[in-house]
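Remarks on the overall topology
Take a look at the letters that make up each chain.
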Amino acid sequence: MWMNAEATGAETKNVLVSGGTGFVGKALVRKLITSGKRVTLLSRDEERARRTFNYKIEAVRFEATGKEEPERAVIRAVSECDAVINLAGEPISDRRWTLPRRARILQSRVNGTRQLVRAIQRADKKPRVLISTSAVGYYGTSETITFDEDTHPAGNDFLAAVAIAWEAAAQDAGVRTVINRFGIVLGPDGGALSKMLPLFNLFVGGPIGSGNQWISWIHLADLTELIMRELDSDNFSGVYNATAPHPVRFGAFCDALAKALRRPNWLPVPSLALQLILGEAAELVLKGQRVLPKRLLENGFKFQFEDVQPALEDIVASWKSPARQG
Ligand SMILES: NC(=O)c1ccc[n+]([C@@H]2O[C@H](COP(=O)([O-])OP(=O)(O)OC[C@H]3O[C@@H](n4cnc5c(N)ncnc54)[C@H](OP(=O)(O)O)[C@@H]3O)[C@@H](O)[C@H]2O)c1
């Protein structure tokens, strides 16, 4: 049985993060730095990574190759840390899923995760925990089914296949392993909302497709808080749906966003237009899934944002804040 790190006083001091320069990673790394952790990033561009955090972190070069053996520098970085957080992956929603992009979406996650697991296996001194990422796409899509961690089997579309392979790659590190299936992460400076906020603010946003598709979302502040807890509390182990307790249909989500921005919720964006622009990536916004964080609630995790309206009010307030604009 895992000992509780909080109870034994074995607090995490050195944290290694892959994909720490992205939307979630930036917020998480800032929180880690503020709480006094020493952070090392694994990045495809170490200098850019150091610059992003005003040289308050270390960085080591990391490519998600299919090579058997991880680079020595990566094994050394793993040996020197107490915890590994794995966030890296080729962006999913930006462009069309051409065949080469599908390969990059899959391989950047699976190869990168395998390299990290191998580095942990090879390390002289092992970290206490690996916190790896997956997505609610694991479950496939449905307008009628509610999914939790007990739902079997997984979905059978491309994103489900990516999530299954990504999770499988994180097994066998030989240390406590946590896998977070992220819902759509909501924050002011990136992710899905950063594309919607300017459109809604200019009165041209509206529900995409029928509006009946489910959005299982999580506020960025809750997600980073969750990962901080998982670092130090050995009560967390295995797979968690990292989603707020109250998912919403997309139409209701758009109403809440329009209300938060004090704007009308305008005409629906037709699905055909979206499919022409995004190809299969349009699935991300046209289809969804209703996912509940059953294991987080059982574990006593307290969400700061359980409902979408206060979550969006909070994000819109910081999106509009003069400090951010300036
Ligand atoms: N945001 C969401 O709503 C959401 C939802 C579900 C799951 N997720 C997953 O959560 C993770 C973090 O999300 P995010 O929104 O922060 O992602 P992001 O902003 O796209 O950042 C991901 C990071 O991964 C690294 N990366 C990008 N392309 C790569 C490639 N081809 N090979 C290796 N590394 C690559 C980059 O770091 P370097 O440039 O420093 O190498 C980048 O900063 C991702 O894996 C994403 O799939 C996110």
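Let me sum up the structure you'll find in this document. All of these numbers come straight from a predicted model, not from anything done at the bench.

Our next topic: the overall build of the protein chain. Of the regular secondary structure elements, the protein chain holds 14 helices and 13 strands. Every one of the 326 residues in the protein chain was classed for burial, and the buried ones make up 51%. Taking contacts inside the protein chain between residues at least 6 apart in sequence as the whole, the part at least 24 apart equals 80%. Carbon and sulfur atoms form 55% of the exposed surface of the protein chain, whose accessible area is close to 15,000 Å².

Looking now at helix 2 (residues 23–34). In an α-helix, one turn spans 3.6 residues, which is why side chains three or four residues apart end up on the same side. Between its terminal C-alpha atoms helix 2 stretches 17 Å, which fits the 16 Å expected from twelve residues at 1.5 Å a residue. Where helix 2 is buried, its residues contact strand 1 (14–18), strand 2 (38–43), strand 4 (83–86), strand 7 (176–182), strand 8 (184–186) and helix 8 (220–232). One or two steps after helix 2, the chain reaches Gly 36, where phi turns positive at roughly 90 degrees.

Helix 6 (residues 158–169) packs onto helix 5 (residues 99–122) with a crossing angle of 10 degrees between their chain directions and a minimal axis gap of 8 Å. Here helix 6 runs roughly parallel to helix 5, going by the angle between their axes. Relative to helix 6, helix 5 is oriented so that their crossing is right-handed. Along the contact surface, helix 5 presents Arg 102, Ile 105, Leu 106, Arg 109, Val 110, Thr 113, Arg 114 and Val 117, while helix 6 presents Phe 158, Val 162, Ala 165, Trp 166 and Ala 169. In terms of residue class, the contact of helix 5 with helix 6 is built from nine nonpolar, one polar and three charged.

The two faces of a sheet get side chains in turn, since along a regular strand they alternate between them. Taking burial as the measure, the five residues of strand 1 include five buried ones, the bulk of the element. In strand 1, alternate side chains face the same way, and those of Asn 14, Leu 16 and Ser 18 on one face and Val 15 and Val 17 on the other are all buried. Pairing of strand 1 with strand 2, which is carried by five bridges, proceeds in the parallel orientation. Looking at the pairing, Ser 18 lines up with Leu 42 of strand 2. At this point the chain moves from strand 1, through helix 2, to the parallel strand 2, and the crossover so formed is right-handed. For strand 1 and strand 4, the ladder comprises four bridges, and the chain directions are parallel. Across the sheet, residue Ser 18 finds its bridge partner in strand 4, namely Asn 86.

About the criteria used
Residues numbered from 1 in each chain as written. Predicted model: local features only at pLDDT ≥ 70, side-chain atom pairs only at ≥ 80, totals over all residues. Heavy atoms only, no water. Helix = DSSP H or I, 4+ residues; strand = E, 2+ residues; numbered from the N terminus. Buried < 20%, exposed > 50% of the residue type's maximum accessible area, 1.4 Å probe, protein only. Contact = heavy atoms within 4.5 Å. Areas by Shrake-Rupley, 256 points an atom, 1.4 Å probe, with all protein chains shown as cover. Expected span 1.5 Å × (residues − 1). Axes fitted to C-alpha atoms, helices over the stretch in contact; angles between N-to-C directions. Parallel < 35°, antiparallel > 145°, perpendicular 65-115°, else oblique. Left-handed = near helix turned anticlockwise from the far one by under 90°. Nonpolar A, V, L, I, M, F, W, Y, C, P; charged D, E, K, R; others polar. Pairing = 2+ DSSP bridges. Right-handed = clockwise from strand over helix to strand, strands pointing away.

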